[in-house]
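Reading the structure
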Amino acid sequence: MKLIIATIKPFKLEEVREALTGIGVKGMMVTEIKGFGAQSGHTEIYRGAEYAVNFVPKVKLEIVVTAAMADQVVSTIAATAKTDKIGDGKIFVLDVESAVRVRTGETNEDAL
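In this report, the structure presented in the accompanying data block is examined.

Glancing now at the side chain of Glu 62. Tracing the backbone through its elements, the reader meets Glu 62 in strand β5 (residues 56-65). Excluding anything up to four places from it in sequence, Glu 62 contacts Leu 3, Ile 4, Ile 5, Met 28, Met 29 and Thr 31.

In structure tokens:
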């Protein structure tokens, strides 16, 4: 099993969710986050004063899938979340040692 962690622009969330559902992803966790990467934030003007926005709003997706499905999920997220502008996000893939569905006690891939 693989844990896919993706940070994307917030306005892309629904489009990414629909694309992932379309390829068979059955669930995901979504968290609103703030962070910065290569762009290191940006400046904005509010009421005539310029100020620095050091942390940019993002959405973090956490998805656990079978190892066989991981590449398809990564490519779907990358293609759907892409805007060709700085700050499109990042995707990380990690190994998952075990999983348990609390309600039924099912384990590993059966718990997904």
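A full pass over the atoms with the stated rule returns six salt bridges. Note that Lys 2 and Asp 95 form a salt bridge whose closest N and O atoms lie 2.3 Å from each other. Residue Lys 2 is located in strand β1 (residues 2-8), and its partner Asp 95 is located in strand β6 (residues 90-95); the two are separated by 93 residues in the primary sequence. Asp 95 gets classed as exposed once you look at its relative accessible area, which sits at 62%.

With respect to burial, β5 is a largely interior element, seven of its 10 residues being buried. Note that β1 and β5 share seven bridges and pair antiparallel. Looking at the pairing, Ala 6 lines up with Leu 61 of β5. Inspection of the sheet shows strand β2 (residues 29-35) paired to β5 by seven bridges, in the antiparallel sense. Its bridge partner being in β5, Lys 34 is matched across the sheet by Pro 57.

Glancing now at helix α2 (residues 67-81). Look at α2: 22 Å from first C-alpha to last across 15 residues, which is about the 21 Å you get at 1.5 Å a residue. What α2 keeps buried is the set Met 69, Ala 70, Val 73, Thr 76, Ile 77, Thr 80 and Ala 81. Projected down its long axis, α2 carries its buried residues within an arc of 140°, all on one side. When the buried face of α2 is taken as reference, the exposed residues oriented beyond 90 degrees from it are Ala 68, Asp 71 and Ala 79. Elements in contact with the buried residues of α2: β1, α1 (13-22), β5 and β6.

Each value, and the rule that gives it
- Residues numbered from 1 in each chain as written.
- Predicted model: local features only at pLDDT ≥ 70, side-chain atom pairs only at ≥ 80, totals over all residues.
- Heavy atoms only, no water.
- Helix = DSSP H or I, 4+ residues; strand = E, 2+ residues; numbered from the N terminus.
- Contact = heavy atoms within 4.5 Å.
- Salt bridge = Lys/Arg side-chain N within 4 Å of Asp/Glu carboxyl O.
- Buried < 20%, exposed > 50% of the residue type's maximum accessible area, 1.4 Å probe, protein only.
- Pairing = 2+ DSSP bridges.
- Expected span 1.5 Å × (residues − 1).
- Arc of directions from axis to C-beta.

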